[in-house]
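Spelled out, the chains give:
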Amino acid sequence: MAECERLPFDLPEAEEELVAGYQTEYAGMKFALFYLGAYVNLVLSALLVSVLYFGGWSFPIPLETIAHLLGIPETNPFLQIAFAVLGITMTLVKAYFFVFLAILLRWTVPRVRIDQLLDLGWKFLLPVGLVNLLLTAGLKLAFPLAFGG
């Protein structure tokens, strides 16, 4: 079949997605648990990303500077509690940002068809990954001191 003759629903991979996917057999609490699991995964992933890659509990201004400006010693127990609460708050704010970003992308970007996803993977990402591997290996062999010995 020619590419221009395709109907919108002629992909067998997308048939189950037209009726909510593999959850069609479930109703009530089982259906709710599928979605609860998806959102728990989203929240945990956002927490991990915020802690591992975005400083987690770090505040943009060093807390020692804030304590010095307030004239309070850093060993003050109330200041330590305030810094702990501020760290937890910063972690949750960063995680909330990533949850918001993921939900925003899920709601605004159209679903990618499976053939488009396969084309992206095989025709673009695989060659880019292989070129990256070869370039990194070549630079590491050519300049061993500059790239980690």
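These numbers were taken from a predicted model, which means no experiment stands behind them.

Here we come to the overall build of the protein. The number of helices and strands found in the protein is four helices and zero strands. In the protein, the succession of α and β elements from N to C terminus is α-α-α-α. Out of the 149 residues belonging to the protein, those deemed buried represent 14%.

Here the focus is the nonpolar core. By size, the foremost hydrophobic cluster in this structure holds six residues: Leu42, Ala46, Ala95, Phe98, Val99 and Ile103. When residues of this core are traced back to their parent elements, those giving at least two are helix H1 (29-53) and helix H3 (77-108). Top contributing element to this core by residue count: H3, with four residues. Non-local contacts of isoleucine 103, meaning those with residues more than four positions away in its chain, are made with Tyr39 and Leu42.

What follows is about the packing of aromatic side chains. Scanning the entire structure with this criterion turns up three aromatic pairs. Between the aromatic rings of phenylalanine 54 and phenylalanine 98, the centroid separation amounts to 4.9 Å while the plane-to-plane angle is 50°, which identifies the pairing as tilted. Separated by 44 residues along the polypeptide, phenylalanine 54 in the loop between H1 and helix H2 (63-70) and phenylalanine 98 in helix H3 bring together distant segments of the chain. Assessed through its relative accessible area of 46%, phenylalanine 54 is described here as partly exposed. On the basis of relative accessibility, which here comes to 16%, the residue phenylalanine 98 falls in the buried class. Here the aromatic cluster, defined as three or more aromatic residues joined through ring pairs, consists of Phe54, Phe97 and Phe98.

Taken as a whole and judged by the stated rule, the model has one salt bridge. Lysine 123 is paired through a salt bridge with aspartate 119; the nearest N and O atoms lie 3.7 Å apart. Of the two residues, lysine 123 and aspartate 119 both sit in helix H4 (residues 114-142), four residues apart, roughly one turn of that helix. The exposure class of lysine 123 is exposed, given its relative accessible area of 63%. According to the relative accessible area criterion, aspartate 119 is partly exposed, its value standing at 38%.

With that settled, the discussion passes to the packing of H1 against H3. Close contact between H1 and H3 brings their axes to 8 Å; oriented N to C, the two are set at 130°. Regarding the angle of H1 to H3, the classification is oblique. Between H1 and H3 lies a crossing of right-handed hand. Of the residues in H3, those touching H1 at Tyr39, Leu42, Val43, Ala46, Leu47, Val49, Ser50 and Val51 are Thr91, Leu92, Lys94, Ala95, Phe98, Val99, Ala102, Ile103 and Arg106. Taken together, the residues of the contact of H1 with H3 break down into 13 nonpolar, two polar and two charged.

Of all residues in the protein, 83% have pLDDT values of 70 or greater, and the mean over the chain is 83. Confidence drops under pLDDT 50 across residues 7-11; counting only partners more than four residues distant or on other chains, this segment forms five contacts.

Here we take up the environment of phenylalanine 97. Looking at the secondary structure, you find phenylalanine 97 in helix H3. Overall, phenylalanine 97 belongs to the partly exposed group, its relative accessible area being 45%. In this structure the C-alpha to C-alpha distance between phenylalanine 97 and serine 50, which are 47 residues apart in sequence, comes to 9.1 Å.

Definitions and cut-offs
Residues numbered from 1 in each chain as written. Predicted model: local features only at pLDDT ≥ 70, side-chain atom pairs only at ≥ 80, totals over all residues. Heavy atoms only, no water. Helix = DSSP H or I, 4+ residues; strand = E, 2+ residues; numbered from the N terminus. Buried < 20%, exposed > 50% of the residue type's maximum accessible area, 1.4 Å probe, protein only. Core = buried A, V, L, I, M, F, W, Y, C linked by side-chain atoms within 4.5 Å. Contact = heavy atoms within 4.5 Å. Phe/Tyr/Trp six-rings, centres within 6.5 Å; stacked < 30°, edge-to-face > 60°. Salt bridge = Lys/Arg side-chain N within 4 Å of Asp/Glu carboxyl O. Axes fitted to C-alpha atoms, helices over the stretch in contact; angles between N-to-C directions. Parallel < 35°, antiparallel > 145°, perpendicular 65-115°, else oblique. Left-handed = near helix turned anticlockwise from the far one by under 90°. Nonpolar A, V, L, I, M, F, W, Y, C, P; charged D, E, K, R; others polar. pLDDT = per-residue confidence, 0-100.

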